[in-house]
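For reference, the chains in residue letters:
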Amino acid sequence: MTTFSEFNLEPKVLQAITELGFEEATPIQSKSIPLALGGSDLIGQAQTGTGKTAAFGIPLISKIDRADEKIRALIMAPTRELAIQVAEEIEKLSRFKGIRTLPIYGGQDIVRQIRALKKKPQVIIGTPGRLLDHINRKTIKLEDVQTVVLDEADEMLDMGFMEDIQSILKQVPDERQTMLFSATMPPNIQKLAQQFLKNPEHVSVIPKQVSAPLIDQSYIEVPERQKFDALSRLLDMESPELAIVFGRTKRRVDELAEALQKRGYSADGLHGDLSQNQRDAVMRKFRDGSIDVLVATDVAARGLDVSGVTHVVNFDLPQDPESYVHRIGRTGRAGKEGAAYSFVTPREIDHLHFIERVTRHRIPRKPLPTLAEAIEGKQRVTAERLLEIVQDGELNEYKGIAIQMLEQYDSVQLLSAALKLLTGDKKDATIELTPEDPIRAKRRKPDVRSSGRKPSGGYGGNRSGGYNRSGSGSSNRGGYNSGGRKEGGYNRDRDRDRKPRSYSSNNSAGNNSNNNSGERRPRREDSSFE
Ligand SMILES: Nc1ncnc2c1ncn2[C@@H]1O[C@H](COP(=O)(O)OP(=O)(O)OP(=O)(O)O)[C@@H](O)[C@H]1O
Ligand SMILES: [Mg+2]
């Protein structure tokens, strides 16, 4: 166990860490922080939800002087929502120190950003496209930057940001510290590392499996046409606190969200064809619990940190094993447990095995939930809800009619009728989803780690991944977020506000009113928006 006081941090940073409720450093933090404070370049890999943001954030802010008026640190993230999230975390960590941070991402008024830049932020957290825009306009100058971080480095590569990153880093002095972080490090990350890092230290906190240890993973074999019934049975049986359901395409997400709503679930969809305002609204609802099920494309796969997500469902299997790892990593974060279910059609079993091989984790099969299990689950939740109302009291105005009814009817029958009413079954709604083609298995070397080096440590059987945070351990949704404070108001999505490349001529970005968007290569369907 490492406490933060062992790192010789200045009191104001320690105070902020305490305020955030972090009691001990997670393994990636205890390994990275001393190295990063010492100035080394770093490649940091650790499972999803294990605090990589603070692992680079704490040393980064430690080196900045409050009185400085220059940009001293640059963090790049693949999506605009991630940029906002990281900016918020850095801001919280530097609260008492008074460092100025600014997220710079597409989809936001550039004039507003230019105005904010005049306040002389020392830390910029940006998406490559918009950053380049500012560099070209000379509204951002990177000549004084000392630290560069690439968060989700492999995703930025995968999204074709390599050239943009190259152009941006040309503006940064060579005598800088550079750090790459991600939960997955496919072999091609070496290309990035060789170009941009100097004698990097590899910090890897990946025991045997790449995915987070607190996630109970399983798959359900189900024919394409029965997937929706399987999903509703699963949701009924498990009654998640919050669930994210991943669909392959934007159409799929729209259809699924609508179908779930028709069946009486409180669900909404998130994908790249929605406007920034719509996405903000959906995420706000998900964070404050006014919807329980977020249906999303891979847009929500990376970085999203919403506490209270107890379940992830891969309604469609993802193409890449990395995407699998990140999708399921939206649950089981910060020491909490989570469940991840993947629906696999009979023709996709090979692809599932491929994911198992690459992630080095066997995913056990579970049977399709039966109707009886689904009904039982639903009834249990309804009964729990009813009992909560009983406990809350304030039922006086209903008591008169209750007594009257009980004089005429049997109590068991009456209560059963009330439960039936409350359960609100909408089984009759007809649901038709457009079928998706099965994903075909790919061939690839089974390695999502970095350079094939031996992992230099692990959780050592610590199932919680080394977390300890004061006031946590409850199912309180705000628990891990800044000591119980709810964070709403933003969401994360990919940023595509870069100049369209040659392959981007058929951009069908729909109603992106506030985006001047380009495209990435169409590896995943929801990658051609913004
Ligand atoms: N030492 C700590 N103790 C308790 N909670 C922590 C600690 N460090 C970070 N956290 C919290 O854990 C959550 C996950 O952290 P973070 O988002 O940095 O994970 P990550 O490793 O970057 O995950 P991903 O790979 O999905 O991006 C956050 O809510 C963060 O505030
Ligand atoms: Mg992260």
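Residues numbered from 1 in each chain as written. Chains lettered and ligands numbered in written order. Predicted model: local features only at pLDDT ≥ 70, side-chain atom pairs only at ≥ 80, totals over all residues.

Naming follows an unreviewed UniProt entry, where the protein appears as DEAD-box ATP-dependent RNA helicase CshA of Paenibacillus polygoni. The UniProt entry for the protein carries this comment under Function (unreviewed entry): "DEAD-box RNA helicase possibly involved in RNA degradation. Unwinds dsRNA in both 5'- and 3'-directions, has RNA-dependent ATPase activity." UniProt, in the comment section headed Subcellular location (unreviewed entry), describes the protein in these words: "Cytoplasm". (UniProt positions renumbered as here; feature names shortened; annotations may be inferred.)

(A) Looking closely at the overall build of the protein. Along the protein, the regular secondary structure elements total 17 helices and 15 strands. Residues counted as buried form 50% of the 530 residues belonging to the protein. (Helix = DSSP H or I, 4+ residues; strand = E, 2+ residues; numbered from the N terminus. Buried ≥ 20, exposed ≤ 12 C-beta atoms within 10 Å, placed from the backbone.)

(B) Representation of the environment of Asp216. Inspection of the secondary structure assignment puts Asp216 in strand 10 (residues 215-221). Each C-alpha atom, one on Asp216 and one on Asp410, is 43 Å from the other, the two residues being 194 residues apart in sequence.

(C) Structural detail: the site of ligand 1. Contacts to ligand 1 come from 22 residues, most closely from Thr48, Gly51, Lys52, Thr53 and Ala334. Broken down by element, the residue count for the shell around ligand 1 peaks at three residues, all from helix 3 (residues 52-62). Its residues placed into classes, the shell around ligand 1 shows eight nonpolar, 10 polar and four charged. (Near = placed C-beta within 6 Å. Nonpolar A, V, L, I, M, F, W, Y, C, P; charged D, E, K, R; others polar.)

(D) Highlighting the UniProt feature "short sequence motif: Q motif" (unreviewed entry) in the protein. The positions UniProt marks with the feature "short sequence motif: Q motif" (unreviewed entry) are residues 2-30. The span residues 2-30 is 48% helical and 14% strand by assignment, and the distance between its end C-alpha atoms comes to 6 Å.

(E) The arrangement of the pairing of strand 8 (residues 177-182) in detail. With six of six residues buried, strand 8 is to be regarded as a mostly interior element. Note that strand 3 (residues 42-46) and strand 8 share four bridges and pair parallel. Residue Ile43 lies in a different strand from strand 8, and its bridge partner there is Leu180. Bridge count between strand 7 (residues 147-151) and strand 8: five bridges; the pairing is parallel. When the sheet's bridge partners are listed, Val148 is paired in strand 8 with Thr178. (Pairing = 2+ DSSP bridges.)

(F) Spatial organisation of the UniProt feature "domain: Helicase ATP-binding" (unreviewed entry) in the protein. UniProt marks residues 33-203 with the feature "domain: Helicase ATP-binding" (unreviewed entry), using the numbering shown here. Annotation note: span residues 33-203, helix share 42%, strand share 18%, distance between end C-alpha atoms 10 Å.

(G) Seen up close, the environment of Thr434. Along the chain, Thr434 turns up in the segment after helix 17 (411-423). Separated by 182 residues in sequence, Thr434 and Arg252 have C-alpha atoms that sit 7.4 Å apart. Those residues in contact with Thr434 that sit more than four places away from it in its chain are Arg251 and Glu255. (Contact = placed C-beta atoms within 7 Å.)

(H) Quick peek at the pairing of strand 15 (residues 338-344). Counting buried positions along strand 15 yields seven of seven residues, so the element is predominantly enclosed. Across the two faces of strand 15 the burial is the same, with Gly338, Ala340, Ser342 and Val344 and Ala339, Tyr341 and Phe343 all buried. Sheet topology note: the strand 10/strand 15 ladder contains seven bridges and is parallel. In the sheet register, Glu221 faces strand 15, and the bridge partner there is Val344. Two elements, strand 14 (residues 309-314) and strand 15, share four bridges in a ladder whose sense is parallel.

(I) Representation of the sheet that holds strand 7. Read from one edge of the open sheet, seven strands run 5-6-4-7-8-3-9, paired in parallel fashion. At either margin of the open sheet sits one strand with a lone partner, and together these are strand 5 (101-104) and strand 9 (201-205). For this sheet, the mean inter-axis angle between neighbouring strands, taken without regard to orientation, is 15 degrees. This element, helix 4 (residues 80-93), spans strand 4 (73-76), strand 5, strand 6 (123-126) and strand 7 of the sheet and lies at about 175 degrees to strand 5. (Axes fitted to C-alpha atoms, helices over the stretch in contact; angles between N-to-C directions.)

(J) Representation of the packing of helix 13 (residues 321-328) against helix 14 (residues 349-359) in the model. One way to put it is that helix 13 packs onto helix 14 with a least axis distance of 9 Å and a crossing angle of 80 degrees. With respect to helix 14, the element helix 13 is oriented roughly perpendicular. Residues Pro321, Tyr324 and Val325 of helix 13 touch helix 14, and the partners they reach there are Ile355, Val358 and Thr359. Tallied by class, the residues present in the contact of helix 13 with helix 14 amount to five nonpolar, one polar and no charged. (Parallel < 35°, antiparallel > 145°, perpendicular 65-115°, else oblique.)

(K) Broad picture of unusual backbone geometry. Not every positive phi belongs to a glycine, and Lys138 is a case in point at roughly 65 degrees. The backbone phi angle of Asn199 is positive, close to 40 degrees, even though this residue is not glycine. Mapping Asn199 onto the fold places it in the loop between helix 9 (189-196) and strand 9.

(L) How the structure looks around the nonpolar core. Residues Val245, Val293 and Val295 are the most contacted members of the largest nonpolar core, which totals 125 residues. The element best represented in this core is helix 4, accounting for seven residues. In contact with Val245, not counting residues within four places along its chain, are Leu231, Leu256, Val293, Val295, Val313 and Phe315. (Core = buried A, V, L, I, M, F, W, Y, C linked by C-beta atoms within 7 Å.)

(M) Here's a closer look at the sheet that holds strand 11 (residues 242-246). Ordered by their spatial adjacency, six strands build an open sheet running 10-15-14-11-13-12, and the pairing between neighbours is parallel. A strand with exactly one partner marks an edge of an open sheet, and here the two such strands are strand 10 and strand 12 (267-270). Across this sheet, the average inter-strand angle for adjacent strands is 20 degrees, counted without regard to direction. Sitting on the sheet, helix 10 (residues 227-238) touches strand 10, strand 11, strand 13 (293-296), strand 14 and strand 15, and the angle it makes with strand 15 is about 165 degrees. Taken strand by strand, helix 12 (residues 276-288) contacts strand 11, strand 12 and strand 13, and its axis lies near 140 degrees from that of strand 12.

(N) Geometry of helix 12. Here helix 12 contains 13 residues, and its C-alpha end-to-end distance of 18 Å stays within 8% of the 18 Å for a straight helix at 1.5 Å per residue. The set of residues buried in helix 12 consists of Gln276, Arg279, Val282, Met283, Phe286 and Arg287. Viewed along the axis of helix 12, the buried residues span an arc of 130 degrees, placing them on a single side of the element. Next to the buried residues of helix 12 lie strand 11, strand 12 and strand 13. Residue Gly289 follows helix 12 closely and has a positive phi angle near 85 degrees. (Expected span 1.5 Å × (residues − 1). Arc of directions from axis to C-beta.)

(O) Local environment of the packing of helix 2 (residues 27-37) against helix 3. Contact geometry of helix 2 with helix 3 gives a least axis separation of 9 Å together with a crossing angle of 25 degrees. Here helix 3 runs roughly parallel to helix 2, going by the angle between their axes. In this structure, helix 2 meets helix 3 at a crossing whose hand is right-handed. Note on element contacts: helix 3 touches helix 2 through Lys52, Ala54, Ala55, Phe56, Ile58, Pro59 and Ser62, opposite Ile28, Gln29, Ser32, Ile33, Ala36 and Leu37. Split by residue class, the contact of helix 2 with helix 3 holds nine nonpolar, three polar and one charged. (Left-handed = near helix turned anticlockwise from the far one by under 90°.)

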